[in-house]
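Reading the structure
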Amino acid sequence: MDLSQAVKLERCIIFTSYPRSGSNWIRAVLVSSLDKAGVGDDLIKSFGRPGPFHNIEFRDQPVPIVKTHFHSGRFSEICSEIVAVITIRRHPLDVMLSSLNFLYSKGTAVYFRGRQLRSVDEIISGGEMDYYIDKFCADDGISYFSGMCGKYSDYHRGVRALQKDVPTLDISYEDFYRNPSNGREELLRFLSSGRAIDSKSDREIAETSAGGASLGRSAFTYKRLLTAEQIGRFYSRYEGYLGVTEYCDRQMETSDS
């Protein structure tokens, strides 16, 4: 994105995630819950997008929410005062798989082995998944995104460091996917500080999409697509980084998806 015309805000709520962590869906759920004036998707815009930012009520204060994938060291480019932070985390193996399909769909050959574009299904059928698991572990994330958000573990470490200074809501994508109504209620309670909250069913929330587009959503996809040996390979190589993300418990491999 071209940020040459980006305007720094005086104050805002940062809505942030490492890329491919499910932020578009959760943002759409939040927009559909807060948009009383018919603003639409522009109610929560990405930093650098043209046009004005719109305020929401945060604990009786008018303040805009700004979506970004920047690491916390770049938040000062967005606004002078961070009022609150909403952050989304997703299992790194699902981030890796989603990133591969995203980069494939965008024709970003530079990321792929031998610059040969391949979908996740093609990588698996070609026996090349170990290469991409090792690459993710060695790079500590998806290197293509590093200029924007840094390394995967550093990204989450930086956001967590803000908790001591500003109100912060940490959302597990997997928990939100399992129980969307609870996830939505948690979001709205964080923003409203005790005001009455209307209810929506899990089905209504699951069907919420961004800009009318259908979003393919799943959690723990890696358990369906990767072998036990490949999952073990990832944990053995990336174990030192997982503590900051709360995905270090191998029991997760047997949890419900």
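Note that this is a predicted model, so its numbers are computed, not measured.

This next bit is on the overall build of the protein chain. For the protein chain, the helix and strand inventory stands at 11 helices and 6 strands. Expressed as a percentage of its 257 residues, the buried residues of the protein chain come to 46%. Of the contacts made within the protein chain by residues no fewer than 6 positions apart, 71% connect residues no fewer than 24 positions apart. Taken as a whole, the protein chain presents about 12,200 Å² of accessible surface, with 45% of it coming from carbon and sulfur.

Moving on, we get to the pairing of strand E1 (residues 9–17). Taken across its 9 residues, E1 has 7 buried, putting it largely inside the fold. Two strands pair when backbone bridges link them, and E1 and strand E5 (residues 79–89) are joined in this way by 8 bridges, in the parallel orientation. If you follow Cys12 over to E5, its bridge partner there is Ile82. Bridge count between E1 and strand E4 (residues 61–68): 4 bridges; the pairing is parallel. Directly across from Ile13, in E4, lies its bridge partner Ile65.

One pass over the full model with this rule turns up 1 cavity of 30 Å³ or more. Of the volumes computed, that of the largest cavity is approximately 40 Å³. Lining the largest cavity are Thr87, Arg89, His156, Val159, Arg160, Asp170 and Val244. Elements that contribute at least two residues to the lining of the largest cavity include exactly E5 and helix H6 (152–161). The element best represented in the lining of the largest cavity is H6, accounting for 3 residues. By residue class, the composition of the lining of the largest cavity is 2 nonpolar, 2 polar and 3 charged.

Moving on: the environment of Phe145. If you trace the backbone, Phe145 turns up in the loop between helix H4 (129–139) and helix H5 (146–149). Counting along the chain gives 46 residues from Phe145 to Ser99, while the straight-line C-alpha distance between them is 9.5 Å. Aside from chain neighbours lying at most four places away, what touches Phe145 is Tyr18, Pro19, Arg20, Ser99, Phe102, Leu103 and Gly150.

With that settled, consider the pattern of salt bridges. Two side chains that carry opposite charge are able to pair once their charged atoms sit near each other. Taken as a whole, this structure holds 14 salt bridges when the rule is applied. Across the salt bridge formed by Arg118 and Glu128, the nearest N and O atoms sit 3.5 Å from each other. One end of the pair, Arg118, is in the loop between helix H2 (92–105) and helix H3 (120–125); the other, Glu128, is in the loop between H3 and H4, and 10 residues separate them in sequence. Residue classification places Arg118 among the partly exposed positions, given a relative accessible area of 24%. Taking the relative accessible area as the measure of exposure, Glu128 reaches 15% and is therefore buried.

What follows concerns the packing of H2 against H4. One way to put it is that H2 packs onto H4 with a least axis distance of 11 Å and a crossing angle of 115°. In the crossing of H2 with H4, the sense of the turn from one axis to the other is right-handed. Every residue of H4 that contacts H2 at Pro92, Met96, Leu97 and Leu100 is listed here: Met129, Tyr132, Ile133 and Phe136. Of the residues in the contact of H2 with H4, the class split is 8 nonpolar, no polar and no charged.

In this section: the confidence of the model for the protein chain. Per-residue pLDDT for the protein chain has a mean of 88; in total, 88% of the residues score no lower than 70. Contacts of residues 211–215 to residues separated by more than four positions or lying in other chains number 5 contacts, the stretch itself having pLDDT below 50. Counting contacts from residues 251–257, a segment whose pLDDT is below 50, to residues more than four positions away or on other chains yields 20 contacts.

Here we take up the side chain of Arg74. Along the polypeptide, Arg74 turns up in the loop between E4 and E5. Once you skip the residues sitting within four places of it in the chain, Arg74 turns out to touch Leu3, Gly147 and Met148.

A word on the packing of H4 against helix H11 (residues 228–242). Contact pair H4 / H11: the axes reach a minimum separation of 9 Å and the direction vectors enclose 10°. As summarised for this structure, H4 and H11 are arranged roughly parallel, according to the angle between their axes. Together, Met129, Asp130, Ile133, Asp134, Phe136 and Cys137 of H4 and Gln230, Arg233, Phe234, Arg237, Tyr238 and Tyr241 of H11 make up the contact between the two elements. Residue composition of the contact of H4 with H11, by class: 7 nonpolar, 1 polar and 4 charged.

Definitions and limits used
- Residues numbered from 1 in each chain as written.
- Predicted model: local features only at pLDDT ≥ 70, side-chain atom pairs only at ≥ 80, totals over all residues.
- Heavy atoms only, no water.
- Helix = DSSP H or I, 4+ residues; strand = E, 2+ residues; numbered from the N terminus.
- Buried < 20%, exposed > 50% of the residue type's maximum accessible area, 1.4 Å probe, protein only.
- Contact = heavy atoms within 4.5 Å.
- Areas by Shrake-Rupley, 256 points an atom, 1.4 Å probe, with all protein chains shown as cover.
- Pairing = 2+ DSSP bridges.
- 1 Å grid on protein atoms, 1.4 Å probe; cavity = no way out; pocket = protein on both sides within 12 Å on 5 of 7 lines; lining within 4 Å.
- Points joined across faces, edges and corners; volume = space filled by probe spheres on them.
- Nonpolar A, V, L, I, M, F, W, Y, C, P; charged D, E, K, R; others polar.
- Salt bridge = Lys/Arg side-chain N within 4 Å of Asp/Glu carboxyl O.
- Axes fitted to C-alpha atoms, helices over the stretch in contact; angles between N-to-C directions.
- Left-handed = near helix turned anticlockwise from the far one by under 90°.
- pLDDT = per-residue confidence, 0-100.
- Parallel < 35°, antiparallel > 145°, perpendicular 65-115°, else oblique.

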